[in-house]
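Structural features, examined
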Amino acid sequence: MRIVLLGPPGAGKGTQASAIVKKYNIPHISTGDIFRANIKEGTALGVQAKEYMDKGLLVPDELVVSIVKDRLTKEDCKNGFLLDGFPRTVNQAEALDVELNAMGIKLDGVVNIEADSQILIERAIGRRICKECGATYHIKFNPPKFEGLCDNDKTPLFQRDDDIEETVATRIKVYENQTQPLIEYYDKKGLILNVDGIKPIDEVFNIIVKALEK
Ligand code: AP5
Ligand code: MG
């Protein structure tokens, strides 16, 4: 399976991605996670990316595209991949098309997870993440067994720097202006699979699998 996950911040891309990659045994390629790993390691890319991410803005296309192109050529992508948070601009989508064409492969589907702004803000603000294993929780919708600790390894959970209300609101606006046009872009190619992201996590997953296997 070669899948793109589209959707506004907090729609549930990362949550669904974890379950989808397990089911299809494919790598989870999240550009947001790649940038956060670089920030943690203090690389030059991380320093550049942080400047944009902290403001809720997109990292420039030229910094993103080459990373994804390079990642797609790795051995573990031979049987498929899931792109989470890429592409995010029409420019990035066109660059991805060029790369996939050159590789002689096509996307199987673009899953578009839909949710309205009020729920997105609540989800992002309440999100907590494990630094160790990356597991994602929500203080209300998906709480860990023990408050503040990861179920898998008991590591203290943390909140992302960009998960404060003001920044989330900017991220939603940026999504509407720069990423939403991709729904039409992929719809014209007959690839869009719209999914109601308001439903509970397990239900959303079942809907996605059904849509992908249709
Ligand atoms: P990125 O990390 O991709 O963030 P995002 O797109 O803003 O999306 P999120 O990760 O916030 O949300 P999600 O949809 O993954 O939701 P989640 O599953 O965690 O990007 C961050 C930044 O990096 C960008 O702002 C940009 O600066 C930069 N960047 C990344 N890619 C880029 C690119 N291609 N080009 C340029 N810049 C780029 O769920 C959210 C919460 O809700 C969780 O707590 C979860 O438990 C809960 N939840 C999930 N589903 C449900 C449900 N169905 N019901 C109830 N609760 C739920
Ligand atoms: Mg995410």
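First, a word on what this report is: a plain description of the structure on this page.

Reading the values: the criteria
Residues numbered from 1 in each chain as written. Chains lettered and ligands numbered in written order. Predicted model: local features only at pLDDT ≥ 70, side-chain atom pairs only at ≥ 80, totals over all residues. Heavy atoms only, no water. Helix = DSSP H or I, 4+ residues; strand = E, 2+ residues; numbered from the N terminus. Rg over C-alpha atoms; globule rule 2.2 N^0.38 Å. Buried < 20%, exposed > 50% of the residue type's maximum accessible area, 1.4 Å probe, protein only. Contact = heavy atoms within 4.5 Å. Areas by Shrake-Rupley, 256 points an atom, 1.4 Å probe, with all protein chains shown as cover. Lys, Arg positive; Asp, Glu negative; His and termini not counted. Charge placed at Lys NZ, Arg CZ, Asp CG, Glu CD. Pairing = 2+ DSSP bridges. Axes fitted to C-alpha atoms, helices over the stretch in contact; angles between N-to-C directions. Near = heavy atom within 4 Å. Polar contact = N/O pair within 3.5 Å; in protein donor to acceptor, adjacent residues only side chain to side chain. Nonpolar A, V, L, I, M, F, W, Y, C, P; charged D, E, K, R; others polar. Expected span 1.5 Å × (residues − 1). Arc of directions from axis to C-beta. Core = buried A, V, L, I, M, F, W, Y, C linked by side-chain atoms within 4.5 Å.

On to the overall build of the chain, then. When you go through the chain residue by residue, the secondary structure sums to nine helices and eight strands. The globule rule puts the C-alpha radius of gyration for 214 residues at 17 Å, and the 16 Å found for the chain is close to it. Seen along its three principal axes, the alpha-carbon backbone of the chain occupies a region of about 45 × 40 × 35 Å. Split into buried and exposed, the 214 residues of the chain put 47% on the buried side. If you take every contact in the chain between residues at least 6 apart in sequence, the share linking residues at least 24 apart comes to 69%. Counting only carbon and sulfur atoms, one obtains 50% of the accessible surface of the chain, whose full area is about 11300 Å². The positive charge centre, built from 29 side chains, and the negative charge centre, built from 33, are 3 Å apart in the chain.

This next bit is on the sheet that holds strand β3 (residues 81-84). The strand order β2-β3-β1-β4-β8 describes an open sheet built from five strands, whose pairing is parallel. Edge positions in the sheet fall to β2 (28-30) and β8 (192-196), since each has one partner strand and no second. Going across the sheet, the axis of each strand differs from the next one's by a mean of 20°, ignoring polarity. Bridge count between strand β1 (residues 2-6) and β3: four bridges; the pairing is parallel. When the sheet's bridge partners are listed, R2 is paired in β3 with F81. Along the sheet, helix α2 (residues 31-41) makes contact with β2 and β3, crossing β2 at roughly 70°.

Once that is clear, we can look at the site of ligand 1. As a matter of local geometry, ligand 1 sits amid 35 residues, with T15, L57, R88, R127 and R171 nearest to it. One of the backbone nitrogen or oxygen atoms of A11 is found 3.3 Å away from an oxygen atom of ligand 1. In isolation ligand 1 has 1000 Å² of accessible area, and contact with the protein removes 97% of it. Residue assignment for the shell around ligand 1 shows that the elements contributing at least two residues are α1 (13-24), α2 and β6 (136-138). Per element, the largest residue contribution to the shell around ligand 1 is four residues, and it comes from α2. In terms of residue class, the shell around ligand 1 is built from 14 nonpolar, 12 polar and nine charged.

Right, let's get into α1. Compared with the 16 Å implied by 1.5 Å per residue over 12 residues, the 16 Å span of α1 between its first and last C-alpha is a close match. Taken as a whole, α1 has its buried residues at K13, Q16, A17, I20, V21 and Y24. For α1, the buried positions fall inside an angular range of 130° around the axis, keeping them on one side. The inward-facing, buried residues of α1 contact β1, β2, β3, β4 (109-114) and α9 (201-213).

Moving on: the nonpolar core. Core analysis: the largest hydrophobic core is formed by 29 residues, its most contacted members being L72, F81, L83, L96, L107, V110 and Y186. Setting aside chain neighbours within four positions, we find F81 in contact with M1, R2, I3, I26, P27, I29, L72, L100, I105 and L107. If you look at the next biggest cluster of nonpolar residues, it comprises 24 residues, including A115, L193, V195 and F205.

Any functional reading would require information that these geometric values do not contain.
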